[in-house]
Amino acid sequence: MSDSSYWLKLAKLDQGTLGTSLALVNPEKKQPVLFVGILTVSTPCVKGVADDKISQRLQNKITNLTGYRVIIKVKKVVTDDITEIKNVLVNWTESLGLDLILTAGGTGFSPTDVTPEATRAVVEKEAPGFTVGMVAGALKLNPVAMLFRGICGIRRNVIILNLPDNVQASCDLLDTAMPVLPFAIGQLKSDKNYASRTTPAPVARSPQIIPSPTPSKPSHVTTPAHHVTVPSHHVTTPAHHVTVMSAVEDHHAPLPHHAPPASADHHAPTGVDTHHAPGSGIAGLLSENDIDMLTNLDAEDFEEPPERLRVVGTRPSSRGTQADSGISGLGTREQVSDVTRLTRRPRISPYPPATVDKAYSTVLANSNPLPVTTRFFKDAVDHVVAEDVRAACSIPSCATAVVDGYAVIAADMPGDVEVVSGASLGKKQGSIPYLNLGKAARVTTGAPLPPGADAVIPVEQTVILAESSDGETELRIRCKETVTPGNYVRQEGSDVKERDVVVEAGTKLDHTSIGMLPAVNVCNIRVHRLPVVAVLSVGAELVEPDTPYLQDGQTRDTNRITLLTVIRKLGIKTLDCGIVNDGPRDFIEAVTRAYKQADVVITTGGCSIGDNDYVKALISEIGATLQFGRVAIKPGAPTAFATLETPLGKKLFFALPGVPSPALVAYYVLVSPCLRKLSGVKNPSSTIIKVKLSADVYLSDVPEYQRAILRWDETDPVAYAEVTGRQVISRFLSMVSANALLILPPRSDTISVVKRGSVVNAMIVGKV
Ligand SMILES: Nc1nc2c(c(=O)[nH]1)N[C@H]1C(S)=C(S)[C@@H](COP(=O)(O)OP(=O)(O)OC[C@H]3O[C@@H](n4cnc5c(N)ncnc54)[C@H](O)[C@@H]3O)O[C@H]1N2
Ligand code: MOO
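Cut-offs and rules
Residues numbered from 1 in each chain as written. Chains lettered and ligands numbered in written order. Predicted model: local features only at pLDDT ≥ 70, side-chain atom pairs only at ≥ 80, totals over all residues. Heavy atoms only, no water. Helix = DSSP H or I, 4+ residues; strand = E, 2+ residues; numbered from the N terminus. Buried < 20%, exposed > 50% of the residue type's maximum accessible area, 1.4 Å probe, protein only. Contact = heavy atoms within 4.5 Å. Areas by Shrake-Rupley, 256 points an atom, 1.4 Å probe, with all protein chains shown as cover. Core = buried A, V, L, I, M, F, W, Y, C linked by side-chain atoms within 4.5 Å. Domains from an automatic or database assignment. Patch = residues over 30% accessible without salt bridge, like charges linked within 9 Å, V, L, I, M, F, W, Y side chains within 5 Å. Salt bridge = Lys/Arg side-chain N within 4 Å of Asp/Glu carboxyl O. Phe/Tyr/Trp six-rings, centres within 6.5 Å; stacked < 30°, edge-to-face > 60°. Axes fitted to C-alpha atoms, helices over the stretch in contact; angles between N-to-C directions. Parallel < 35°, antiparallel > 145°, perpendicular 65-115°, else oblique. Left-handed = near helix turned anticlockwise from the far one by under 90°. Near = heavy atom within 4 Å. Polar contact = N/O pair within 3.5 Å; in protein donor to acceptor, adjacent residues only side chain to side chain. Nonpolar A, V, L, I, M, F, W, Y, C, P; charged D, E, K, R; others polar. Pairing = 2+ DSSP bridges. Expected span 1.5 Å × (residues − 1). pLDDT = per-residue confidence, 0-100.

1. Describing the overall build of the protein
Scanning the protein from N- to C-terminus turns up 16 helices and 36 strands. When burial is assessed residue by residue, the protein has 54% of its 768 residues classed as buried. Taking as baseline every contact in the protein between residues at least 6 positions apart, the subset at least 24 positions apart corresponds to 74%. With an accessible surface of roughly 33300 Å², the protein has 55% of that area assigned to carbon and sulfur atoms.

Structural data, given as structure tokens:
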């Protein structure tokens, strides 16, 4: 998968505002560019019960930063959720090439205020001087500033500055910090010119609040608040994640403060702003492209999220940042392994291969049966029963006839008996008259016996002696046979006794067992919830499978439909998450959305060490723990497995290879047992039988799963396995019609070929 389009997109963003994608200096203004993100932390804003007024004010203010041309690259509103805040900060500091992040809100004493804690958890260095300075300035205006708990720190060369949620208070604090920020940023960039050019004049011993230099804004340029529509090819993002540029008016009760500066802050308009500080031009504004991109960048972010963010083996961080922009002489950031940069990737896979056994046991150890729920039997097919199902009644519930004939008293036989009105299907046993000696009652198969009767004689063993004049009823019959009690009688409970176990825990309810439930009067049963499985394909070359004409280099996505089909056959709900073909951020967004709705996320492609293979590193990036990153298996070696604990339960991630047949083999070997175990199946392992090879098979250096078709001939009870042609992994046909995988051991010093006729294990994967 190529992420070039992602970079193009990023370049487009910058082109829209700067004229060149990753340039740091505006050629016209000769001012360094500063990329800023503004994060509003406000649960009410997210819920739509309050407006985000603060971000526009901060935006207006920061775009006037001395010595820099400020670009507001991203804005977002999140709830007061520590993980959500952390994730945004991590995301933004790693992926957006920002220099400064301003957060607003969540810094007070309210129990829900956690912005400082989130910030502290992610920063690499704290910068308490900023906080002290800002609070000192604000205290001169209002003692309530003592309640400000915000911090300032540095993460990945990005300064993060917490500000309070009160509009005026946050502007006041930012005012205090602004004269020093350019110097701090210059130092951070190790850019002596910037640093010296932007060094603030020493401040008086008692710091002064420096009023915002933002010029006042004529009200007629105000653009009405508008919501941004996310283009349809992107996943819909809730409105609160979309940057909404609206007029700002502060209705919050402000802290007592000095007279507001003659600034645009009180009537900051949205949309096209031609009144920003010199050099800012359209800085601080987002084009439609930007918003489109930003919407994608943020996704919905992580509600159930990474407590820790770690990258195993590689670090796909710092993309797009100035220091590693590829422009020589810019920045001196330490060069780390970076999966998004071809030349900076490890040249050997950093993931040690797990043995198949280890991979299998790791997967199963992490696949806990999903919670138990009660379902009506009609809705329980394909579910696995969580508790033994016991009969609530016996089958049959009373003695019944096994044949059509006559219920009799065995002692009367052989002999002639009078036929009385009898029992038929549908009649209750209690409503049937008692049968006395010398009498018989007509019964149909399955009908209850009249009380008093102890045997049934089939019609065939009787002759009619007398009948009614209309020929409708026999009046007297003769039976010549000796009859023993119980003859042709199905005794009460002879099939199932009340309280007998009819379906054992761990059994999947299928057509053979589902009917048993109502038979024993059990309609509601305890079953495990079935997993929801999301499937997405990764690859810039991929197009929808029904694309009629391919352009050079395009490939129809076949893995998705294959996997969705095989999973749906298990009765498991699937989510078709489409193709991810727009680079790492697109991937993170898609996987994040997927795991929020699914228990298991399966990706295919982008999983080896080719140009666009970042899947594993990015799975780690969303906070999941990579349990293994490769498997010593053929095919399917690049398969990885990761887990993520969330408040909604453990989420499992399988990264399967892009090549179709290895992807399906890896699915059979590792994913399908996982899905069975999650569903609650007692023995989730696949069915393995002994088969004979119909041709010599050469062994590989790792365990190999060769695709085969099993056939039986009349003379041999053991199936013959015919390998499906050449087993090169790229051969699509090797999978078609295969109903078994031959499990072949690795080559050893003593054995490198298994001869025709030898018996090997085969995993059943299809109809045999
Ligand atoms: N230098 C190395 N190269 C490779 C290694 C290695 O260890 N070192 N491993 C090889 C193995 S083994 C496999 S398997 C593949 C796996 O590659 P990826 O998972 O990265 O898959 P992609 O590069 O994305 O695609 C490979 C191939 O498959 C086609 N593809 C991808 N997705 C789909 C789909 N959804 N439907 C149909 N076809 C798909 C794709 O177009 C490529 O042709 O890596 C080896 N290389
Ligand atoms: O291990 Mo790959 O999946 O076959 O070539």
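There's plenty left to go through after this.
2. Digging into the nonpolar core
Grouped burial of nonpolar side chains is what soluble globular proteins tend to show. Ile602, Phe654, Tyr667 and Leu675 are the most contacted members of the largest nonpolar core, which has 41 residues in total. Of all elements in the fold, only helix H11 (356–365), strand E21 (532–538), helix H13 (559–568), strand E25 (600–604), strand E29 (649–656) and helix H16 (660–679) reach the threshold of two or more residues within this core. Top contributing element to this core by residue count: H16, with twelve residues. Counting only domains with at least three residues in this core, you end up with domain 5 (530–629 + 644–678) and domain 6 (688–764).

3. Points about unusual backbone geometry
With an omega dihedral of -15°, the bond running from Ile395 to Pro396 counts as a cis peptide bond. Here Pro396 shows up in the loop between strand E10 (389–390) and strand E11 (400–401). The omega torsion across Met413 and Pro414 is -10°, close enough to zero to call that bond cis. Checked against the element boundaries, Pro414 lands in the loop between strand E12 (405–408) and strand E13 (415–420).

4. Concerning a nonpolar patch on the surface
On the surface, Phe109, Val144 and Leu147 cluster together into a nonpolar patch covering about 290 Å² of accessible area. By the secondary structure assignment, Phe109 is in the loop between strand E4 (100–104) and helix H5 (115–122).

5. Quick look at the side chain of Ser42
Inspection of the secondary structure puts Ser42 in the loop between strand E2 (31–41) and helix H2 (43–47). Those residues in contact with Ser42, other than ones at most four positions away along the chain, are Val77, Val78, Thr79 and Asp80.

6. Description of the packing of aromatic side chains
Using the criterion set out here, one finds six aromatic pairs in the structure. Judged by centre distance (5.0 Å) and plane angle (55°), the ring pair of Phe376 and Phe377 falls under tilted. Take Phe376: its relative accessible area is 36%, and that puts it in the partly exposed class. Since its relative accessible area comes to 15%, Phe377 is described here as buried. On the basis of an interplanar angle of 35° and a centroid distance of 4.9 Å, the ring pair of Phe641 and Phe654 is categorised as tilted. With Phe641 in strand E28 (residues 640–646) and Phe654 in strand E29, this pair connects stretches of sequence that are 13 residues apart. The structure contains a cluster of three or more aromatic residues connected by ring pairs, namely Phe628, Phe641 and Phe654.

7. A closer look at the packing of helix H4 (residues 82–95) against H5
Axis separation between H4 and H5 bottoms out at 9 Å; the angle between their running directions is 45°. It follows from the interaxial angle that H4 and H5 lie oblique. As H4 runs across H5, the sense of the crossing is right-handed. Contacts from Ile82, Ile85, Lys86, Leu89 and Val90 in H4 reach Thr115, Glu117, Ala118, Thr119, Ala121 and Val122 in H5.

8. So, the site of ligand 1
Taken together, the neighbourhood of ligand 1 is formed by 22 residues, with Glu541, Asp557, Thr558, Gly606 and Gly658 sitting nearest. Contact distances for ligand 1 include 2.9 Å between a nitrogen atom and a backbone N or O atom of Thr558. Residue Arg630 places a side-chain N or O atom 3.4 Å away from an oxygen atom belonging to ligand 1. Burial of ligand 1 by the protein amounts to 67% of the accessible area it has alone, namely 870 Å². The residue inventory of the shell around ligand 1, partitioned by class, reads eight nonpolar, nine polar and five charged.

9. As for helix H8 (residues 181–188)
Each α-helix turn comprises 3.6 residues. Residues three or four places apart therefore point the same way. Listing the buried residues of H8 in full gives Leu181, Pro182, Ala184, Ile185 and Gly186. Directly after H8, the chain includes Ser190, whose backbone phi takes a positive value near 55°.

10. Describing the sheet that holds strand E32 (residues 704–711)
If you trace the five strands once around the closed barrel, you get E30-E33-E32-E34-E36, paired in mixed fashion. Strand-to-strand, the axes of this sheet are offset by a mean angle of 55°, without reference to chain direction. With five bridges joining them, E32 and strand E34 (residues 740–744) adopt antiparallel strand pairing. Counterpart to Glu704 in the pairing with E34 is Leu744. H16 rests against E32, E34 and strand E36 (759–764) of the sheet, and its axis sits at about 85° to E32.

11. A look at the packing of helix H6 (residues 128–139) against helix H7 (residues 167–177)
Two quantities define a packed helix pair, namely the angle between the helix axes and the distance between the axes. Across the interface, H6 lies against H7 with an axial gap of 8 Å and an inter-helix angle of 120°. Here H6 lies oblique to H7, going by the angle between them. Classified by chirality, the crossing of H7 by H6 is right-handed. On H7, the residues that touch Phe130, Gly133, Met134, Val135, Gly137 and Ala138 of H6 are Leu173, Thr176 and Ala177. Partitioning the contact of H6 with H7 into residue classes produces six nonpolar, three polar and no charged.

12. Side note on the pairing of strand E30 (residues 688–693)
As defined by bridge partners, E30 adjoins E36 across five bridges and the pair is classed as antiparallel. Bridged to Val691 within E36 is Val760.

13. Brief notes about the sheet that holds E25
Read across the open sheet, the six strands follow the order E24-E21-E25-E29-E28-E26; overall the sheet is mixed. A strand with exactly one partner marks an edge of an open sheet, and here the two such strands are strand E24 (573–580) and strand E26 (625–628). Each adjacent strand pair in this sheet contributes to an overall mean axis angle of 20°, direction not counted. As paired strands, E21 and E24 are joined by six bridges and run parallel to one another. Residue pairing across strands places Ala534 opposite Leu575, the latter belonging to E24. Running over the sheet, H11 touches E26, E28 and E29 and is turned about 140° from E26.

14. Section: H6
Spanning twelve residues, H6 covers 16 Å between terminal C-alpha atoms, matching the ideal 16 Å at 1.5 Å per step. In the core, the buried residues of H6 are packed alongside strand E6 (152–155), strand E7 (158–163), H7 and H8.

15. Re the confidence of the model for the protein
Counting all residues, the mean pLDDT for the protein is 78, and 73% of those residues have values of 70 or more. Ignoring residues within four places in sequence, the model shows residues 1–29, a span with pLDDT below 50, making 76 contacts including any to other chains. Taken as a whole, residues 203–336 scores under 50 in pLDDT and shows 325 contacts with residues more than four places along the chain or in a different chain. For this predicted complex, the interface score ipTM comes out at 0.97, alongside a pTM of 0.59.

16. Structural notes on the environment of Ala386
Following the sequence through the fold, Ala386 ends up in the loop between strand E9 (372–376) and E10. Ignoring any residue separated from it by four or fewer positions in sequence, one finds Ala386 in contact with Val372, Ala505, Arg526, Val527 and His528.

17. Things to note about the pattern of salt bridges
Applying the stated rule across the entire model yields 21 salt bridges. With its nearest N and O atoms 3.7 Å apart, the salt bridge here joins Arg526 to Glu387. Here Arg526 is found in strand E20 (residues 524–528), whereas its partner Glu387 is found in the loop between E9 and E10, with 139 residues between them in sequence. Residue Arg526 is classed as partly exposed on the basis of its relative accessible area of 33%. For Glu387, a relative accessible area of 44% corresponds to the partly exposed category. One network of salt bridges, in which partners are shared, links Glu94, Glu124, Arg155 and Arg156.

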